[in-house]
Structures are given as structure tokens and as C-alpha cells.
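Given next are the chains, with one letter for each unit.
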Amino acid sequence: NADDNAVVLDVRTPEEVAEGIIPNAIAIDIYKGQGFIYELEELDKSKTYYVYCRSGGRSAQACNVMNQLGFKNTYNLIGGFMEWTGEVASI
């Protein structure tokens, strides 16, 4: 919340996102393959990204992909959505 340059990125499937999402997060399904890459390329690489999935595995992969694409500041939210204790929004 304190970082104006922060973006929260949800890399779960649409079915998982339908169960709830961190408010104001952008959802891009990591299982889209090349489509995932295309959507990442549309994002501002100068921002700081906090990436999460259900438990932390896919978001770690997403951070690696993002770093390879030139994103400078990516952070995997360890424990993912299962460990999230903050507000939850629905889509």
C-alpha cells in the first residue's frame, strides 16, 4: 500500500481467481503459455510487481519469466493466496 509504483499480479487460473482476488490485483493466468508472455509485455517494466498464485510455486516461476523479460523489481509473495490475511475482492 505504501508503494505508489507497486502492482499486485495474480497468476492463478480464472477458476481460482473467481474464488477471490487481492483488491486491485491484475490477473494473468500463467498457464496461458505464450499468451502469458504477450500480456506481460504489455505491462510497465519500471514498476514493482508483487506476484502471487495459490501457494507460491507458480508465482516464483512467473517472477523468473518476468526477470528474463527485463522486469527489474519482482517479488514472489511466499505462501500465496492461501496465506493472504488481508482484504479479498470478488470479480
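Anything mentioned here points back to the structure above.
Quick caveat: nothing in here was measured; it's all calculated off a predicted structure. (Residues numbered from 1 in each chain as written. Predicted model: local features only at pLDDT ≥ 70, side-chain atom pairs only at ≥ 80, totals over all residues. Heavy atoms only, no water.)

Trainee: Hey, could you run me through the packing of helix α2 (residues 34-41) against helix α3 (residues 57-68) in this one?
Mentor: Any two packed helices are characterised by the angle at which their axes cross and by the distance between the axes. The interhelical angle for the contact between α2 and α3, taken along N-to-C directions, is 60°, at an axis separation of 11 Å. The angle between α2 and α3 places the two elements in the oblique class. Considering how the two elements wind past one another, α2 and α3 form a crossing that is right-handed. Facing α2, whose interface residues are F36, I37 and L40, α3 presents A62, V65 and M66. Class assignment for the residues of the contact of α2 with α3 results in 6 nonpolar, no polar and no charged. (Axes fitted to C-alpha atoms, helices over the stretch in contact; angles between N-to-C directions. Helix = DSSP H or I, 4+ residues; strand = E, 2+ residues; numbered from the N terminus. Parallel < 35°, antiparallel > 145°, perpendicular 65-115°, else oblique. Left-handed = near helix turned anticlockwise from the far one by under 90°. Contact = heavy atoms within 4.5 Å. Nonpolar A, V, L, I, M, F, W, Y, C, P; charged D, E, K, R; others polar.)

Trainee: Mind showing me how you'd approach the nonpolar core here?
Mentor: The tendency in soluble globular proteins is for nonpolar side chains to be buried as a group. Ranked by internal contacts, the top residues of the largest apolar core, which has 16 residues, are V11, L40 and V51. Contributions of two or more residues to this core are made by β1 (6-10), α2, β3 (48-52) and α3. Here the element with the most residues in this core is α3; it accounts for 3 residues. Other than its neighbours up to four places away in sequence, V51 contacts L9, V11, S59, A62, C63, M66, Y75, N76 and L77. In this structure, I22, A25, Y52 and F81 belong to the second largest nonpolar core, which totals 6 residues. (Core = buried A, V, L, I, M, F, W, Y, C linked by side-chain atoms within 4.5 Å. Buried < 20%, exposed > 50% of the residue type's maximum accessible area, 1.4 Å probe, protein only.)

Trainee: Is there a simple way to explain the sheet that holds strand β4 (residues 73-76) in this structure?
Mentor: The strands that make up a sheet pair up through hydrogen bonds in the backbone, lying either parallel or antiparallel. Read from one edge of the open sheet, 4 strands run β2-β1-β3-β4, paired in parallel fashion. Edge positions in the sheet fall to β2 (26-27) and β4, since each of these pairs with one other strand and no more. Packed on one face of the sheet, α3 meets β1, β3 and β4 and runs near 170° to β4. (Pairing = 2+ DSSP bridges.)

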